[in-house]
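What follows is each chain in one-letter form.
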There are 2 protein chains.
Amino acid sequence: MTTPPTEPTGVTKVTCVGAGVIGGGWVAHFLARGYDVTAWDPAPDAREKLRRLVDAAWPALIQLGLAEGASRDRLTIAGTLEEACAEAQFVQESAPEKLDLKRDLLARLDAATPPGVVIASSTSGYPMTDMQTEAADPSRLLVGHPFNPPYLIPLVEVVGGERTAGEAVEWASRFYEVAGKSVITMDREVPGFIANRLQEALWREALHMVANGEATVKEIDDSITEGPGLRWAFMGPCLTFALAGGEGGMGHMLDHFGPSLKSPWTRLEAPELDAALRDAMVDGCDEAAEGRTIADLVAERDQGVIDVLRATGRLPKGGAE
Amino acid sequence: MTTPPTEPTGVTKVTCVGAGVIGGGWVAHFLARGYDVTAWDPAPDAREKLRRLVDAAWPALIQLGLAEGASRDRLTIAGTLEEACAEAQFVQESAPEKLDLKRDLLARLDAATPPGVVIASSTSGYPMTDMQTEAADPSRLLVGHPFNPPYLIPLVEVVGGERTAGEAVEWASRFYEVAGKSVITMDREVPGFIANRLQEALWREALHMVANGEATVKEIDDSITEGPGLRWAFMGPCLTFALAGGEGGMGHMLDHFGPSLKSPWTRLEAPELDAALRDAMVDGCDEAAEGRTIADLVAERDQGVIDVLRATGRLPKGGAE
């Protein structure tokens, strides 16, 4: 590929293609971070919807703190895709989740965007290898997968396809960081990336439970917000489960609850918990703990839960006023 | 069964059997809520471990606000199981997750506890039907499944076995509420209950990813805490996904992303998204929304994410100080 013409820190003009919930969320995010944003969407009512979405998001973004010079007035809505991309220094594509559409659109974006400018797709799960097939320069096409709403949830998963240049992946990861996101850069394509595989597993089990009449939608939602969801806001599932092992951490937890993996909890078949996987989990938790002891993590978790309960106005029933 | 001798609101003496991470967490919870707690555990170092656990939890419980008269001095550690149960008005069993052990222990607890007093098991997944087989009075045995740590995470899932009296289930659900918990009462036994099936599906997928080298433990944890976990602290997966459908809510979301269910995201096979399941999800979301519009929910979610980010010291990089 041609080297991106602008340094990640030098970008001032971002183009967002597709202005639905995700595309519009990206527009709000980039505006709040002080970029000039050009948006394009073929829907006839896209302009009004996009304004409405940005206006709805803006009070939240003011609370978070706008970047210097950030303004909703710096949004331009282009009349054509070509016009939208003509001066782009970065392009974020957030079109509907249809493979053929994405393929064609990415080829058109590639044709309309200055050489070397990185083009990221918000796809929830298509591998870029499958989407970059029609583009003249596939090397600058990659996935930058956000979470809803992109203007508040920090995570972006960045991964290239077989024909993506490593340089483009590095550039995009750096650019997203500069633009205020938390980035996980993946070195291989996995369908659904990381967080979507995890939340999709949970979601599929939820759908099974509703389909079987085992739980209602409200019970499913309550079971997360009153239960594990409180922990996951600040401590991931691995470290959280390590604490279920008491002073023995992840090793003790796997030895104790490992046999439960064979239980018919969830319709997802568990992997074999062999020595290699056990070690990978234990070592991985040690690494993720970054020197914190189990006692440190327990104290951190406790404070985190209290802070989250307080912040969301939900001290446990019977708790302090 | 004999009617429980004490009203849920009249309970003052709680017995906790098993004083590991979960049992000890229950001890801390009940002490903080102002109960006299008697604990028993056969491990030789149980006494010290339990004191240490309660001491570690206490500062958090002070922050949450202790009930009137709550004191760590109201903990008695009994020398025998029989002594521990002799005056119990409620028993919470939190022994290791082994079916034979649970069966025998519950029979012994039943024999040692005054007639009619409800005995709950903290089991992570065994159906009570399988655990109540040896007890003389199985009708008062039920599951009261907590989340770690029980002194901070509000959720308890309550469900009886085939031989459990409905009256015992009602009593326990009411008692837990009085004792400051958020209760989901299930009307049928499902292995792993609700929240465990959901988090277990996610967990199994995480184990698969580590086993296959697709993601590290740290990436898995970060992908949740920087992504969906921020939302799940206050809005469950169903309502959260409904907001991915924009102004069309869950119906639009399923129509748009439904085909993705066929994608090889996660190793869990998805259910058939037929009209019945689609309707159940849409109607369930309407019910869970309790009159709130999509715009209301978006505003609530945005404020929630901001509050959680603030509370946990993590405004997005580049955000306001």
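Residues numbered from 1 in each chain as written. Chains lettered and ligands numbered in written order. Predicted model: local features only at pLDDT ≥ 70, side-chain atom pairs only at ≥ 80, totals over all residues. Heavy atoms only, no water.

- Looking at an unreviewed UniProt entry, one finds chain A named L-carnitine dehydrogenase, with Streptomyces reniochalinae as its source organism.
- Quoted verbatim from the Subunit (unreviewed entry) field of UniProt, the annotation for chain A is "Homodimer." (UniProt positions renumbered as here; feature names shortened; annotations may be inferred.)

## Details of the sheet that holds strand S2 (residues 36–40) of chain B
- Reading across the sheet, the eight strands line up as S3-S2-S1-S4-S5-S6-S7-S8 (chain B) and stay open at both edges, with mixed pairing between neighbours. Of all the strands in the sheet, just strand S3 (75–77) and strand S8 (182–185) of chain B have a single pairing partner and so form its edges. The average angle at which neighbouring strand axes cross in this sheet is 25°, direction not considered.
- Note that strand S4 (residues 90–93) of chain B and strand S5 (residues 119–121) of chain B share three bridges and pair parallel. Bridge pairing in S5 of chain B links Val91 of chain B to Ile119 of chain B.
- Along the sheet, helix H8 (residues 217–225) of chain A makes contact with strand S7 (155–160) and S8 of chain B, crossing S8 of chain B at roughly 145°.
- Of the strands in this sheet, strand S1 (13–17), S2, S3, S4, strand S6 (141–146) and S7 of chain B are in contact with helix H1 (residues 21–32) of chain B, which crosses S1 of chain B at around 165°. (Pairing = 2+ DSSP bridges. Helix = DSSP H or I, 4+ residues; strand = E, 2+ residues; numbered from the N terminus. Axes fitted to C-alpha atoms, helices over the stretch in contact; angles between N-to-C directions. Contact = heavy atoms within 4.5 Å.)

## A closer look at the UniProt feature "binding site: NAD(+)" (unreviewed entry) in chain A
- This chain's UniProt record puts "binding site: NAD(+)" (unreviewed entry) on Gly18, Ala19, Gly20, Val21, Ile22 and Gly23 of chain A.
- On the basis of relative accessibility, which here comes to 6%, the residue Gly18 of chain A falls in the buried class.
- Excluding residues within four positions of it along the chain, Gly18 of chain A makes contact with Gly23, Gly24, Trp40, Asp41 and Ser94 of chain A.
- Looking at the secondary structure, you find Val21 of chain A in helix H1 (residues 21–32).
- Apart from residues no more than four positions distant in its own chain, Val21 of chain A is found in contact with Leu53 and Asn148 of chain A together with Leu243, Ala244, Gly245 and Gly246 of chain B. (Buried < 20%, exposed > 50% of the residue type's maximum accessible area, 1.4 Å probe, protein only.)

## Observations concerning the packing of helix H7 (residues 195–211) of chain A against H8 of chain A
Residues and elements named next belong to chain A.
- Following both chains from N to C, one finds H7 and H8 inclined at 145°, their axes separated by 10 Å at the closest point. For the pair H7 and H8, the sense of crossing is right-handed. Listed contacts from H8 to Leu202, Ala206, Met209 and Val210 of H7 are Val217, Ile220 and Ile224.
- Partitioned by chemical class, the residues of the contact of H7 with H8 number seven nonpolar, no polar and no charged. (Left-handed = near helix turned anticlockwise from the far one by under 90°. Nonpolar A, V, L, I, M, F, W, Y, C, P; charged D, E, K, R; others polar.)

## Details of the interface of chain A and chain B
- Contacts between the two partners involve 126 residues from chain A and, on the opposite side, 126 residues from chain B.
- Buried surface at the junction of chain A and chain B, summed over both partners, amounts to about 11,300 Å²; 66% is from carbon and sulfur atoms.
- The three residues of chain A that bury the most area against chain B are Trp203, Arg204 and Trp265 of chain A, which together make up 7% of that side's buried surface.
- Arg197 of chain B is the salt-bridge partner of Glu205 of chain A, the closest N and O atoms lying 2.9 Å from each other.
- Put simply, chain A and chain B have 38 residue pairs in polar contact (both at pLDDT 80 or more) between them.
- Ranked by the residues each element gives to the side of chain A that touches chain B, the list is headed by H7 of chain A, at 17 residues.
- Of the residues assigned to the side of chain A that touches chain B, the class counts are 68 nonpolar, 30 polar and 28 charged. (Buried area = accessible area lost by both parts, 1.4 Å probe. Salt bridge = Lys/Arg side-chain N within 4 Å of Asp/Glu carboxyl O. Polar contact = N/O pair within 3.5 Å; in protein donor to acceptor, adjacent residues only side chain to side chain.)

## Brief notes about the environment of Asp36 of chain B
Residue and element names in this part refer to chain B.
- One can find Asp36 in strand S2.
- Sequence separation of Asp36 and Thr12 is 24 residues, and the distance between their C-alpha atoms is 6.0 Å.
- Excluding residues within four positions of it along the chain, Asp36 makes contact with Thr12, Lys13, Val14 and Arg74.
- Within the structure, the side chain of Asp36 is placed 2.9 Å from the side chain of Arg74, a separation counted as a polar contact.

## Remarks on the domain arrangement of chain A
- Segmentation of chain A into domains returns domain 1 (8–185) and domain 2 (227–311).
- One C-alpha centre belongs to domain 1 of chain A, the other to domain 2 of chain A, and the line joining them spans 34 Å. (Domains from an automatic or database assignment.)

## Details of unusual backbone geometry
- In the segment running from Asn148 of chain A into Pro149 of chain A, the intervening peptide bond is cis, with an omega of -5°.
- Along the chain, Pro149 of chain A falls in the loop between strand S6 (141–146) and strand S7 (155–160).
- With phi around 45°, Glu290 of chain A is a residue other than glycine that occupies positive phi space.
- Topologically, Glu290 of chain A is positioned in the loop between helix H12 (275–289) and helix H13 (294–311).
- Look at Thr266 of chain B: it is not a glycine, yet its phi comes out positive at around 65°.
- Relative to the assigned elements, Thr266 of chain B resides in the loop between helix H11 (249–257) and helix H12 (275–289).
- Residue classification places Thr266 of chain B among the buried positions, given a relative accessible area of 6%.

## Details of the pattern of salt bridges
- The full count for this structure, using the stated rule, is 36 salt bridges over all chains.
- Measuring nitrogen to oxygen at the nearest pair gives 2.9 Å for the salt bridge that ties Asp36 of chain B to Arg74 of chain B. You can see Asp36 of chain B sitting in strand S2 and its partner Arg74 of chain B sitting in the loop between helix H2 (46–64) and S3, a full 38 residues away along the chain.
- Taking relative accessible area as the criterion, Arg74 of chain B reaches 25% and is therefore assigned partly exposed.
- Between Arg140 of chain B and Asp137 of chain B there is a salt bridge; the shortest N-O distance is 3.9 Å.
- Look at the salt bridges and you will find they share partners, linking Arg197 of chain A together with Glu205, Glu214 and Arg267 of chain B into a network.

## Observations concerning a negative patch on the surface
Residues and elements named next belong to chain A.
- On the surface, Asp274, Asp279, Asp283, Asp286, Glu287 and Glu290 cluster together into a negatively charged patch.
- Along the polypeptide, Asp274 turns up in the loop between helix H11 (249–257) and H12.
- Among the residues examined, Asp274 registers a relative accessible area of 38% and is labelled partly exposed. (Patch = residues over 30% accessible without salt bridge, like charges linked within 9 Å, V, L, I, M, F, W, Y side chains within 5 Å. Areas by Shrake-Rupley, 256 points an atom, 1.4 Å probe, with all protein chains shown as cover. Lys, Arg positive; Asp, Glu negative; His and termini not counted. Charge placed at Lys NZ, Arg CZ, Asp CG, Glu CD.)

## Considering the sheet that holds S7 of chain A
Residues and elements named next belong to chain A.
- Strand order in the open sheet formed by eight strands is S3-S2-S1-S4-S5-S6-S7-S8, with mixed pairing between adjacent strands. Each edge of the sheet is formed by a strand with only one pairing partner; in this case those strands are strand S3 (75–77) and strand S8 (182–185). The sheet shows a mean angle of 25° between the axes of neighbouring strands, taken without regard to direction.
- In terms of strand pairing, S7 meets S8 through four bridges, oriented parallel. Bridged to Glu157 within S8 is Ile184.

## Looking at the packing of H13 of chain A against helix H13 (residues 294–311) of chain B
- In the contact formed by H13 of chain A and H13 of chain B, the axes pass within 9 Å of each other and the chain directions differ by 145°. When the axes of H13 of chain A and H13 of chain B are compared, the crossing they make is right-handed. Contact with H13 of chain A, carried on its side by Asp307, Val308 and Ala311 of chain A, involves Asp307, Val308 and Ala311 of chain B of H13 of chain B and no other residues of that element.
- Partitioned by chemical class, the residues of the contact of H13 of chain A with H13 of chain B number four nonpolar, no polar and two charged.

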